[in-house]
Amino acid sequence: IIKSKNLSKLKHNSYLCEDQTSKDVFDFINFCENFNLHCALKSLSAIEQEVLFLLYSKELSQEEAANILNICSKSVSRIKLRAFDKIRKFLKGEK
């Protein structure tokens, strides 16, 4: 979905500066009061965390998140679904 050569570009074009984005995503995850959900969110990749942060904490549309991340909205949708699948499996105790 995101090629490694575009990862640095992704970080450069992020919603906020890299340090602030990392802090905001970290705060978003740590705000979660359910310990199991907190652990599930921490187990996600950085891009999965950032997509969920933009969609659910910043309440952006998939198109807006895609523009910020410099990817297509279909990729945002796939990343979100993959993240939800990982969270579901984590909460069920699956690997």
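Please read these numbers as outputs of a predicted model, since none were measured by experiment.

Chemist: Looking at this structure, how should I read the nonpolar core?
Modeler: Membership of the largest hydrophobic core comes to 13 residues, with the highest contact counts inside it found for V51, L54, L69, I71 and V76. Of all the secondary structure elements, the ones that give two or more residues to this core are α4 (46–57), α5 (62–69) and α6 (73–92). With 5 residues, α4 is the largest single contributor of residues to this core. Membership of the second largest hydrophobic core comes to 6 residues, among which are A40, L41, L44 and A83.

Chemist: How should I be thinking about helix α3 (residues 35–42) in this particular structure?
Modeler: Buried residues of α3: H38, A40 and L41, and no others. Across the axial projection of α3, the buried residues extend over an arc of 165°, all falling on one side. Facing away from the buried side of α3, by more than 90 degrees, are the exposed residues F35 and K42.

Chemist: Is there a simple way to explain unusual backbone geometry in this structure?
Modeler: With the exception of glycine, the majority of residues adopt a negative phi angle, and the majority of peptide bonds are in the trans configuration. The phi dihedral of E59 falls on the positive side, at around 55°, and the residue is not glycine. Tracing the backbone through its elements, the reader meets E59 in the loop between α4 and α5. We classify E59 as exposed; its relative accessible area is 66%. Despite not being glycine, N70 has its phi angle at roughly 60°, a positive value. With respect to the helices and strands, N70 occurs in the loop between α5 and α6.

Chemist: When you look at the pattern of salt bridges in this model, what are you seeing that I'm missing?
Modeler: A pair can form between side chains of opposite charge whenever their charged atoms are brought close. This structure, assessed with the given rule, holds 4 salt bridges. Close ionic contact of D85 with R88 constitutes a salt bridge, the shortest N to O distance being 2.2 Å. Highlighted residues: D85 and R88, both in helix α6, separated by 3 residues, approximately one helical turn. Judged by relative accessible area, R88 falls into the partly exposed class, the value being 38%. Several salt bridges converge on common partners, so that one network encompasses E48, R82 and K86.

Chemist: Any chance you could explain the side chain of E48 here in plain terms?
Modeler: Mapped onto the elements, E48 comes out in helix α4. Among the residues examined, E48 registers a relative accessible area of 1% and is labelled buried. A distance of 2.8 Å separates a polar atom in the side chain of E48 from the backbone nitrogen of S45. Residue contacts for E48: discarding those within four places in its chain leaves I79, R82, A83 and K86.

Thresholds applied
- Residues numbered from 1 in each chain as written.
- Predicted model: local features only at pLDDT ≥ 70, side-chain atom pairs only at ≥ 80, totals over all residues.
- Heavy atoms only, no water.
- Core = buried A, V, L, I, M, F, W, Y, C linked by side-chain atoms within 4.5 Å.
- Buried < 20%, exposed > 50% of the residue type's maximum accessible area, 1.4 Å probe, protein only.
- Helix = DSSP H or I, 4+ residues; strand = E, 2+ residues; numbered from the N terminus.
- Arc of directions from axis to C-beta.
- Salt bridge = Lys/Arg side-chain N within 4 Å of Asp/Glu carboxyl O.
- Polar contact = N/O pair within 3.5 Å; in protein donor to acceptor, adjacent residues only side chain to side chain.
- Contact = heavy atoms within 4.5 Å.

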